[in-house]
Amino acid sequence: MKLLRKIRNYYFYCGIEKDEYNDLKKEAYISNFIVWRVLHFLMAAAFGVLVFCSLFNDIMRPNLPYYLGLFVYSIIAIGMFFVLKKDSLAAQLLIYLSISALFLFGALITQNKPDSNATTFIVLLLVTPMFMIDKPFFMTIELCTASTIFTIWMHSVKPHDVWMFDTINVISFTILGIFLNIIANSIRIREFVLTKKINIQKDTDEMTGLKNKAALTRDINEFVFNESNTRGTLFVLDVDHFKSINDNYGHDIGDSVIIQIGRFLAEMFNHGETTGRFGGDEFIIFLKNVDNRDIARMIGYDIVNGVKEHVELPDKDQKVIVSVGIAIYSGVETSYSGIFKKADIALYKAKADPENRVYLYE
């Protein structure tokens, strides 16, 4: 069963588990898009040269319509690549259409020289699968369909001995192309897995598992730099008298408080909000496309009350208290630091008001 599962994973999910593959599918689609957009430029250049050369070469001239057809197709496809989204299914289908067009080209070239072996078609069987990241199952269908059509088509075109030799080669190289596709897919998908793990580690606060300062700054800056985004709310909070917690209970308990706050914030803000630990006992939450002041204050009080309820100290009678500073983003600030400065001022005002613990920058 373990072997069958491993084979299934390689054949359907590039050697990893289904859920892991689905998480990386978008990156694979984008990679395909970038690679094949470049390849289409190369195809247009190559077939353009072949069109030009066939005008002056009697040997190449019979293939002129095919060179011209692939040249025109490549130009149209390039235009499509500038219209379609990188991670769209339509872009994937366009790539498969281009692969089919190349196989058709290989078959037409062979048809023009029935006494020669199908070198171009066989080379394409080997090369094209190595440039496509997708479930190997789909490339298997593509290769087997192309090979079957080619073999049936050429049966009435080629001499029997040449056709037999081509058929054996086509079957052999179709199988080899499938294996090459599986190997190439698994290698490139594992690169995505490794890159994703590295990026997660780089952007994650080790103690809480939330975003770290660098990731918080980058995410909020990306949002602010987009001129179409004109609404947001930034919350900055820290623990009141955190030093006394470390002094009275020890640094292990202080670390536990930070971890518990991180866990509480992760549970409270689990719908795509930007949540992280800025450093020490300071945390940040950024809500995109939210600028209602009453809602912001209500969320601030929910944070204060939630920490008081969910974060525990060894002395059950003592509560962990946090203060919250809030700044509304209305498209005025040009960077994260401008919003943070306002929220930080609000935080100090909140700490000076022990009755409320929440302050909204005005």
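Description of the structure in this document. All values reported here derive from a predicted model rather than from experimental measurement.

**Considerations on the packing of aromatic side chains**
Part 1 of the reasoning: One pass over the full model with this rule turns up 18 aromatic pairs.
Part 2 of the reasoning: Relative to Phe-82, the ring of Phe-41 has its centre 6.4 Å away and its plane inclined at 80°; by these criteria the two rings are edge-to-face. Separated by 41 residues along the polypeptide, Phe-41 in helix α2 (residues 18-54) and Phe-82 in the loop between α3 (64-81) and α4 (89-112) bring together distant segments of the chain.
Part 3 of the reasoning: For Phe-41, a relative accessible area of 42% translates into the label partly exposed.
Part 4 of the reasoning: By relative accessible area, which is 56% here, Phe-82 ends up exposed.
Part 5 of the reasoning: An aromatic cluster is defined as three or more aromatic residues linked by ring pairs; in this entry it consists of Tyr-11, Phe-12, Tyr-13, Tyr-21, Phe-137 and Phe-138.
Part 6 of the reasoning: The ring of Phe-82 carries the charged tip of Arg-37 above its face, separated from the ring centre by 5.5 Å.

**Examining the pattern of salt bridges**
Part 1 of the reasoning: If you walk through the whole model with that rule in mind, you get 19 salt bridges.
Part 2 of the reasoning: Of the charged contacts, one joins Arg-218 and Asp-219 as a salt bridge, the two residues approaching to 3.9 Å between their closest N and O atoms.
Part 3 of the reasoning: Residue classification places Arg-218 among the partly exposed residues on the basis of a relative accessible area of 34%.
Part 4 of the reasoning: Where Arg-231 meets Asp-291, a salt bridge forms, and the shortest distance between an N and an O atom there is 3.5 Å. Within this pair, whereas Arg-231 is found in the loop between α8 (213-225) and β1 (232-239), its partner Asp-291 is found in the loop between β3 (282-288) and α11 (293-310), the two being separated by 60 residues in sequence.

**Some remarks on the layout of surface pockets**
Part 1 of the reasoning: Estimated volume of the largest pocket: approximately 270 Å³.
Part 2 of the reasoning: Along the walls of the largest pocket sit 13 residues, with Met-43, Leu-102, Leu-124, Val-127 and Thr-128 positioned nearest its centre.
Part 3 of the reasoning: The element that contributes the greatest number of residues to the lining of the largest pocket is α2, accounting for five residues.

**Here we look at the environment of Val-162**
Part 1 of the reasoning: Relative to the helices and strands, Val-162 resides in helix α7 (residues 160-203).
Part 2 of the reasoning: Note: C-alpha distance between Val-162 and Gly-300 (138 residues apart in sequence) is 79 Å.

**Brief notes about helix α6 (residues 136-155)**
Part 1 of the reasoning: Taking 1.5 Å of rise per residue, 20 residues should cover 28 Å, and α6 covers 28 Å from first to last C-alpha, within 8% of that figure.
Part 2 of the reasoning: Taken together, the buried positions of α6 are Pro-136, Met-139, Thr-140, Glu-142, Leu-143, Ala-146, Ser-147, Phe-150, Thr-151 and Met-154. In an axial view of α6, the angular spread of the buried residues amounts to 165°, which keeps them on one side of the axis.
Part 3 of the reasoning: Residues of α6 that are buried sit in contact with α1 (2-13), α4, α5 (119-127) and α7.

**Some remarks on the environment of Asp-166**
Part 1 of the reasoning: Within the secondary structure, Asp-166 is located in helix α7.
Part 2 of the reasoning: When its relative accessible area of 1% is taken as the criterion, Asp-166 is described as buried.
Part 3 of the reasoning: Placed 48 residues apart in sequence, Asp-166 and Ala-118 show a C-alpha to C-alpha distance of 6.3 Å.
Part 4 of the reasoning: Filtering out sequence-adjacent residues up to four positions away, Asp-166 remains in contact with Ser-116, Asn-117, Ala-118 and Lys-158.

Definitions and cut-offs
- Residues numbered from 1 in each chain as written.
- Predicted model: local features only at pLDDT ≥ 70, side-chain atom pairs only at ≥ 80, totals over all residues.
- Heavy atoms only, no water.
- Phe/Tyr/Trp six-rings, centres within 6.5 Å; stacked < 30°, edge-to-face > 60°.
- Helix = DSSP H or I, 4+ residues; strand = E, 2+ residues; numbered from the N terminus.
- Buried < 20%, exposed > 50% of the residue type's maximum accessible area, 1.4 Å probe, protein only.
- Lys NZ or Arg CZ within 6 Å of the ring centre and 35° of its normal.
- Salt bridge = Lys/Arg side-chain N within 4 Å of Asp/Glu carboxyl O.
- 1 Å grid on protein atoms, 1.4 Å probe; cavity = no way out; pocket = protein on both sides within 12 Å on 5 of 7 lines; lining within 4 Å.
- Points joined across faces, edges and corners; volume = space filled by probe spheres on them.
- Expected span 1.5 Å × (residues − 1).
- Arc of directions from axis to C-beta.
- Contact = heavy atoms within 4.5 Å.

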